[in-house]
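Below, each chain spelled out in residue letters.
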Amino acid sequence: MPGRGSSKKSGHSKGRYEKKGKSVKNKRPVREVNYSEYRLVEGKNGRVELQKQELDDAARRREKEAVRRELAEMKKQKEQRTRAARETAATRVSYLRKPLARRSLFGAGLLVAALIFGGIGIYWAVATKGNAPLLSAAFVFCSFLLGLVALWYGCISFLEKGRNYLLARICIGVGGLLVLSWGITILIGVRG
């Protein structure tokens, strides 16, 4: 395509690498050469060339030992970096949300049921102006028992590791108050 100025076909205009002063030949990957195995010699037409020289066994052993020491040093540094990273990770605060303890969820459900049963029992006692039916006492006693079980599940939810215990603390606090209030109410009713 002569209109584009391609250096490959027409030969008169420079390509994009030649325009910027770059050589196309420099774009190949460079191979690293161990120069201890090579020596400079004068070749044909006065050019200097690299010629591979034979190393004796002692030189090869020294070179292998140097490489082995270098690899051991790199491994040691890597171990030090990973150890330092673990130590700093242990002191960092994790901002990831921890899941709630499963037993505290069950305890919270029981606590809600206990509060509903207790509310029904109190409502019937107030609605009948003190002449509460036996069903009202049964609801209150069920509320007391469910409060005890919710308190128990709140306590054993602390056995789960790596969890959020906020709901467990709420279960223990509210369940404890509910059991205490119903216990006092039952004792006053029996002695009264």
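Predicted model only: the values in this text are computed from it and were never measured. (Residues numbered from 1 in each chain as written. Predicted model: local features only at pLDDT ≥ 70, side-chain atom pairs only at ≥ 80, totals over all residues. Heavy atoms only, no water.)

With that settled, consider the side chain of S104. Among the structural elements, S104 can be located in helix α3 (residues 102-127). A relative accessible area of 0% means that S104 is categorised as buried. (Helix = DSSP H or I, 4+ residues; strand = E, 2+ residues; numbered from the N terminus. Buried < 20%, exposed > 50% of the residue type's maximum accessible area, 1.4 Å probe, protein only.)

For the rest of this paragraph, the subject is the packing of α3 against helix α5 (residues 166-191). Their axes nearest at 9 Å, the elements α3 and α5 cross at an angle of 30°. One way to sum up the angle between α3 and α5 is to call them roughly parallel. Between α3 and α5 the crossing geometry is left-handed. Seen from α3, the contacting residues are S104, L105, G107, A108, L111, A114, L115, G118 and I122; seen from α5, they are L167, A168, I170, C171, V174, G175, L178 and W182. Across the contact of α3 with α5, the residue classes break down as 13 nonpolar, 4 polar and no charged. (Axes fitted to C-alpha atoms, helices over the stretch in contact; angles between N-to-C directions. Parallel < 35°, antiparallel > 145°, perpendicular 65-115°, else oblique. Left-handed = near helix turned anticlockwise from the far one by under 90°. Contact = heavy atoms within 4.5 Å. Nonpolar A, V, L, I, M, F, W, Y, C, P; charged D, E, K, R; others polar.)

Evaluated as defined, the whole model comprises 2 salt bridges. One salt bridge connects E65 with R68, and the closest N-O pair in it is separated by 2.7 Å. With E65 and R68 both in helix α2 (residues 57-91), this residue pair falls 3 residues apart, about one helical turn. The class for E65 is partly exposed, based on a relative accessible area of 31%. (Salt bridge = Lys/Arg side-chain N within 4 Å of Asp/Glu carboxyl O.)

What follows is about the packing of helix α4 (residues 134-156) against α5. Running from N to C, α4 and α5 cross one another at 145°; their axes reach a closest spacing of 8 Å. The interaxial crossing formed by α4 with α5 has left-handed handedness. Residues V140, F141, S143, F144, G147, L148, A150, L151, G154 and C155 of α4 touch α5, and the partners they reach there are A168, C171, I172, G175, G176, L178, V179, W182, G183 and I186.

Before going further, it helps to spend a moment on α5. Helix length check: α5, at 26 residues, gives a terminal C-alpha distance of 38 Å against a target of 38 Å (1.5 Å per residue), a fit within 8%. Those residues of α5 not exposed but buried are L167, A168, C171, G175, L178, V179, W182 and G183. Of the surrounding secondary structure, the elements contacted by the buried residues of α5 are α3 and α4. (Expected span 1.5 Å × (residues − 1).)

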